[in-house]
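This is what each chain is made of:
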Amino acid sequence: MNASRSVQVLVIGGGINGAGVARDLALRGVRAALVEKNELGSGTTWASSGMIHGGLRYLRTDPEVTYHSCLDSGAIQRIAPHLIFRIPFLMPVFPEDPIGPELVAIGLEMYDRYQPLKRGKPHVRLTREQALRLEPALSPDIDCAFTLDEWGVDAARLVSLNALDAAEHGAQVHTHTEVVALLREGGSGRVRGARLRDLLSGDVFEVEAELTLNAAGPWAPRIAAMAGAEVRLRPGKGIHLVFERRVSDIAIYARGIDGRDMFTFPHEQNSMAGTTDDDFYGDLDRLAVSEDEVRYVLQAMERSIPSIRSHRILHTIAGVRPTLWGFGRYEDELSRDYVILDHGRRDGAPGLFTLVGGKLAAYRLMAEDAADRLCALLGVREPCRTASAPLPGGDDEPDVAGLARRFRIGWPAALRVAFRHGSRAPGVLAARPRPRVVCACEPVLDAELEHVARREGVATLGDCSLRVRLGVGACQGAACAGAAAEVLAEALGWSAERTAAEVAAFAAERWRAVAPALGGSQLAAMEIHRAVHRGARPWSAPAPGTASRP
Ligand SMILES: Cc1cc2nc3c(=O)[nH]c(=O)nc-3n(C[C@H](O)[C@H](O)[C@H](O)COP(=O)(O)OP(=O)(O)OC[C@H]3O[C@@H](n4cnc5c(N)ncnc54)[C@H](O)[C@@H]3O)c2cc1C
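For the structure given in this document, a descriptive report is provided here. Small disclaimer: the values here were computed from a predicted structure and weren't measured.

1. Description of the pairing of strand β7 (residues 177-184)
Moving on, step 1. Pairing analysis gives six bridges linking β7 to strand β8 (residues 191-198), with the strands arranged antiparallel. Among the inter-strand pairings, V179 is bridged to a residue of β8, identified as L196.
Moving on, step 2. If you look at the hairpin formed by β7 and β8, you'll find six residues sitting between the two strands, and G189 has a positive phi there, around 75°.

2. A word on a nonpolar patch on the surface
Moving on, step 1. Nonpolar side chains collect at one region of the surface, where I99, L103, I106 and M110 lie side by side and expose about 360 Å² of accessible area between them.
Moving on, step 2. On the secondary structure map, I99 appears in the loop between β3 (84-93) and α5 (101-112).
Moving on, step 3. Overall, the relative accessible area of 40% leaves I99 in the partly exposed class.

3. Points about the packing of aromatic side chains
Moving on, step 1. Across all of its chains, the model carries six aromatic pairs by this definition.
Moving on, step 2. Ring geometry for F89 against Y253: centres 5.4 Å apart, planes inclined by 55°, an arrangement best described as tilted. Of this pair, F89 sits in strand β3 while Y253 is found in strand β11 (residues 251-255), placing the two residues 164 residues apart along the sequence. Here the two residues F89 and Y253 agree in accessibility, since each one is buried.
Moving on, step 3. Put simply, the rings of F89, Y253, F263 and F265 pair up and form one aromatic cluster.
Moving on, step 4. Above the ring of F94, the side-chain terminus of R303 is found at 4.1 Å from the ring centroid.

4. Here's the deal with the nonpolar core
Moving on, step 1. Core analysis: the biggest nonpolar cluster contains 71 residues, and V21, L25 and L158 have the highest contact counts within it.
Moving on, step 2. Residue contributions to this core peak at eight residues, all from helix α11 (residues 363-378).
Moving on, step 3. Summarising the domain contributions, this core has at least three residues from each of domain 1 (4-45 + 156-232 + 336-378) and domain 2 (77-153 + 235-331).
Moving on, step 4. With near-sequence residues (within four places) excluded, V21 lies in contact with V11, L213, L355, A367, A370 and L374.
Moving on, step 5. In terms of nonpolar packing, the next biggest core, distinct from the first, is built from 52 residues, A194, A209, I308 and I313 among them.

5. Notes on a negative patch on the surface
Moving on, step 1. A surface patch of negative charge is lined by D395, D396, E397 and D399.
Moving on, step 2. Position of D396 among the secondary structure elements: in the loop between α11 and α12 (400-407).

6. A short note on helix α13 (residues 411-421)
Moving on, step 1. In terms of residue burial, α13 counts as a mostly covered element, since eight of its 11 residues are buried.
Moving on, step 2. Listing the buried residues of α13 in full gives A413, A414, R416, V417, A418, F419, R420 and H421.
Moving on, step 3. Count one or two residues on from α13 and you reach G422, which has phi positive near 55°.

7. Re the pairing of β11
Two faces make up the sheet, and in a regular strand the side chains alternate between them.
Moving on, step 1. Of all five residues that make up β11, four are buried, and the element is covered over most of its length.
Moving on, step 2. Judged from the two bridges that link them, β3 and β11 form a sheet pairing that is parallel. Bridge pairing in β11 links L90 to I252.
Moving on, step 3. Turn length for the β11-strand β12 (residues 261-267) hairpin, with the two strands adjacent in sequence and antiparallel, is five residues, and the turn residue G259 shows positive phi of about 90°.

8. Quick notes on the pattern of salt bridges
Moving on, step 1. In total, this model carries 46 salt bridges according to the counting rule given.
Moving on, step 2. Put simply, D97 and R303 hold a salt bridge, and the shortest N to O gap is 2.7 Å. Of this pair, D97 sits in the loop between β3 and α5 while R303 sits in helix α9 (residues 291-304), and the two are 206 residues apart along the sequence.
Moving on, step 3. Residue classification places D97 among the buried residues on the basis of a relative accessible area of 13%.

9. Focus on the site of the ligand
Moving on, step 1. Taken together, 35 residues surround the ligand, and among them N17, E36, T45, M51 and A361 come closest.
Moving on, step 2. The contact in question runs from an oxygen atom of the ligand to an N or O atom on the side chain of N17, over 2.8 Å.
Moving on, step 3. Between the ligand and the protein, one listed contact pairs a nitrogen atom with a backbone N or O atom of S49 at 3.0 Å.
Moving on, step 4. Among the elements of the structure, α1 (16-27), α2 (44-47), β7, β10 (236-243) and β15 (313-321) are those that each provide at least two residues to the shell around the ligand.
Moving on, step 5. The class makeup of the residues in the shell around the ligand is 12 nonpolar, 18 polar and five charged.

Definitions and cut-offs
- Residues numbered from 1 in each chain as written.
- Predicted model: local features only at pLDDT ≥ 70, side-chain atom pairs only at ≥ 80, totals over all residues.
- Heavy atoms only, no water.
- Pairing = 2+ DSSP bridges.
- Helix = DSSP H or I, 4+ residues; strand = E, 2+ residues; numbered from the N terminus.
- Patch = residues over 30% accessible without salt bridge, like charges linked within 9 Å, V, L, I, M, F, W, Y side chains within 5 Å.
- Areas by Shrake-Rupley, 256 points an atom, 1.4 Å probe, with all protein chains shown as cover.
- Salt bridge = Lys/Arg side-chain N within 4 Å of Asp/Glu carboxyl O.
- Buried < 20%, exposed > 50% of the residue type's maximum accessible area, 1.4 Å probe, protein only.
- Phe/Tyr/Trp six-rings, centres within 6.5 Å; stacked < 30°, edge-to-face > 60°.
- Lys NZ or Arg CZ within 6 Å of the ring centre and 35° of its normal.
- Core = buried A, V, L, I, M, F, W, Y, C linked by side-chain atoms within 4.5 Å.
- Domains from an automatic or database assignment.
- Contact = heavy atoms within 4.5 Å.
- Lys, Arg positive; Asp, Glu negative; His and termini not counted.
- Charge placed at Lys NZ, Arg CZ, Asp CG, Glu CD.
- Near = heavy atom within 4 Å.
- Polar contact = N/O pair within 3.5 Å; in protein donor to acceptor, adjacent residues only side chain to side chain.
- Nonpolar A, V, L, I, M, F, W, Y, C, P; charged D, E, K, R; others polar.

Pasting the structure below:
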């Protein structure tokens, strides 16, 4: 076996938790490998609301979770200042709501105590008139409203920055590589790494490890089962609707027909609405959004924002929470805490550990806890540095105006590159002599695509949806997939067949996300997009004797 494939710790699962642990270990000088069967962050993490919040509703049942999430949100803001954005919230109160303004105010006063941990402002009570002046789209039926202050992050990019930093500190990062078996020692049953399959090349290889950490989120029970070990979860499916552009620059609370709290919130260029939380018994690798789920979310949103149905839904997102097991409670009431399991003690599989549960907002603390445990076993004494060491690009504020001038690109494009890459943006743009926009919706530049292909290990066109938000805007890939594939083909040496297959796979993925939200004229418009993807481009091959379109 290749000696470089022998490590101290193998981390399974390139979601936020796995990437967070890999980074923590690498910064302490531990030889680590991170393995992810798809693109980094493509599991639950990408499907999250991307809030690094305390979780107001956990205050009642899980105040520790609120405290840790707020604390870690403060740390994430310090290490990745370029990747976060403030999300002001409005919580409308209706005359018929079971919890009236006085009780809401008490809850928010409690939450205010945690706000300084994450640079949040205290709440303010607004009269009906003040609230409607601030957001005219609000229902006129409200009694009053409260403000609330939260922060959002590009969750998928946060994962890739953790993995990138891990790699820059010596970790191996294998994407599109699936763990197919755990390696066991004959007598002791000790887990000593895993057998992996590269899903793009088909190659099978082994990574030997002193310790193996299962951070496979909702898939964690499957990984544990490979060593005859048990991880008990109560997985909860959640969906979001993604609207074209912003419904509002303010997030707005909404109540579902069953009384559940949801919200519409600005997220990067778009708005999102959600989320649901339903016990999930299906196939984790084939998540589908149902029409019922879409209707349930829209019904809730409509009560707070009566005009919500006039906004175009771009696509849907579905994910499954790796919620810890609990019986006899509603999904929303289950603990959002995490556990670290030692399968040596529990299941006779020494060398195997599981880190599961928790919140995106507290990922760094969870990773630190897991890395502390693993380092103690390895005899590594280096302290954790992830709360203060900046993630790639987080060390200095990017000069957006300077980028726009120097690279002769528009302000929106400069802003987005700076958002994703921080202080590294000039190096990203330098990949091409004259960067040009490939996807106008976000916008994404060819230089950025070339950079992530050559420097960040992007391996498929689909990876770019998560890595740089390619094709997740209004065009849903129709305007950009072909041009983007050409950039990647040049950088990665793809054949014409491979390039065409990448575009087809990208289109199929976008359609899977779009279709559940469509109906009537929206469905017709998107069928045209599909025809474009399939290569039926009537305007690119003008009939003889007719002028071509400009
Ligand atoms: C709808 C929704 C909204 C949410 N909103 C928020 C929020 O706003 N704020 C917040 O703090 N938290 C939120 N959460 C919770 C948060 O998203 C999760 O706690 C977190 O993303 C879990 O990360 P993870 O790394 O454990 O799992 P994942 O992100 O699922 O990562 C596990 C990875 O393991 C990989 N994997 C599985 N099997 C294998 C294998 N055999 N070989 C290799 N790799 C494998 C998967 O592909 C996956 O990428 C939300 C969750 C959902 C579902």
